[in-house]
Amino acid sequence: EDQVTQSPEALRLQEGESSSLNCSYTVSGLRGLFWYRQDPGKGPEFLFTLYSAGEEKEKERLKATLTKKESFLHITAPKPEDSATYLCAVSYNDYKLSFGAGTTVTVRA
Amino acid sequence: SQTIHQWPATLVQPVGSPLSLECTVEGTSNPNLYWYRQAAGRGLQLLFYSVGIGQISSEVPQNLSASRPQDRQFILSSKKLLLSDSGFYLCAWSSGGGNTIYFGEGSWLTVV
């Protein structure tokens, strides 16, 4: 049973073209929702943790928001260096994260 | 600050050979430790986690095993590799249950 679904699978943007990535989840008793950035051949790099609906976090051109059923990662005026795969994960007990398959973002100059 | 080291970065092994991937964490005590595997186009799959020395929980039945001989050392092993063991393996740590999990750089394993 899929607990975390990310969409779209791939996103091609022009530099400066803002967009949003979606992460929907079906777990009950959410303990936290995590966003990671992963570059090719590298381990995921932590970006944000969100704990409750209505919470927002920002870092440079990235902004993450959370509702009761989904999270959005907004990329404002992206640059080519924002090209990466963005992973969403949810924590539903003390030790485990359930990951989505990721959204691969390509930003063209 | 905390750092996590994982090695080797890449590994090409024949079918039936043994495997040992090692991971160490610095700058923290009694971390939770994890081994994940990432297949192309799929999410990360949790293989093992450990909350203390000698305490290993397995998430999926498979050809692999894990050990934690020291507080900040985590080892992924296999006695006989299968072709299906090929993939990208990631070690990770957290400071406690429910907290953010931080990943190492990963190890590419190709079984030939």
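The paragraphs below set out a description of the structure included in this document.

Rules used in this analysis
- Residues numbered from 1 in each chain as written.
- Chains lettered and ligands numbered in written order.
- Predicted model: local features only at pLDDT ≥ 70, side-chain atom pairs only at ≥ 80, totals over all residues.
- Heavy atoms only, no water.
- Pairing = 2+ DSSP bridges.
- Helix = DSSP H or I, 4+ residues; strand = E, 2+ residues; numbered from the N terminus.
- Axes fitted to C-alpha atoms, helices over the stretch in contact; angles between N-to-C directions.
- Core = buried A, V, L, I, M, F, W, Y, C linked by side-chain atoms within 4.5 Å.
- Buried < 20%, exposed > 50% of the residue type's maximum accessible area, 1.4 Å probe, protein only.

Once that is clear, we can look at the sheet that holds strand β1 (residues 3-7) of chain B. Residue and element names in this part refer to chain B. Taken together, 4 strands build an open sheet; the order of strands is β1-β3-β8-β7 and the sheet is antiparallel. Since the sheet does not close on itself, it has two edges, and those belong to β1 and β7 (65-70), each with one partner. Across the sheet, the mean angle from the axis of one strand to that of its neighbour is 20 degrees, orientation sign disregarded. Pairing between β7 and strand β8 (residues 73-78): 4 bridges, direction antiparallel. Each residue of the ladder has a partner; that of A66, found in β8, is L76.

We now examine the nonpolar core. Core analysis: the largest hydrophobic core is formed by 23 residues, its most contacted members being L21, L33, W35, L73, Y86 and V105 of chain A. Only β2 (10-14), β3 (19-25), β4 (32-38), β5 (45-50), β7 (62-66), β8 (70-75), β9 (84-91) and β11 (103-108) of chain A provide two or more residues apiece to this core. Considering each element in turn, this core owes the most residues, 4 residues, to β9 of chain A. Counting 20 residues, the second largest nonpolar core, distinct from the first, contains W35, C91, W93 and L109 of chain B.

All names here are of chain A. One open sheet holds the 5 strands; their spatial order is β1-β3-β8-β7-β6, and the pairing between them is antiparallel. For this open sheet the edge positions go to β1 (4-7) and β6 (56-59), each flanked by a neighbour on one side alone. Strand after strand, the sheet turns through a mean of 15 degrees between neighbouring axes, direction not considered. As paired elements, β3 and β8 share 6 bridges and run antiparallel to each other. The residue bridging C23 from the neighbouring strand is S71, located in β8.

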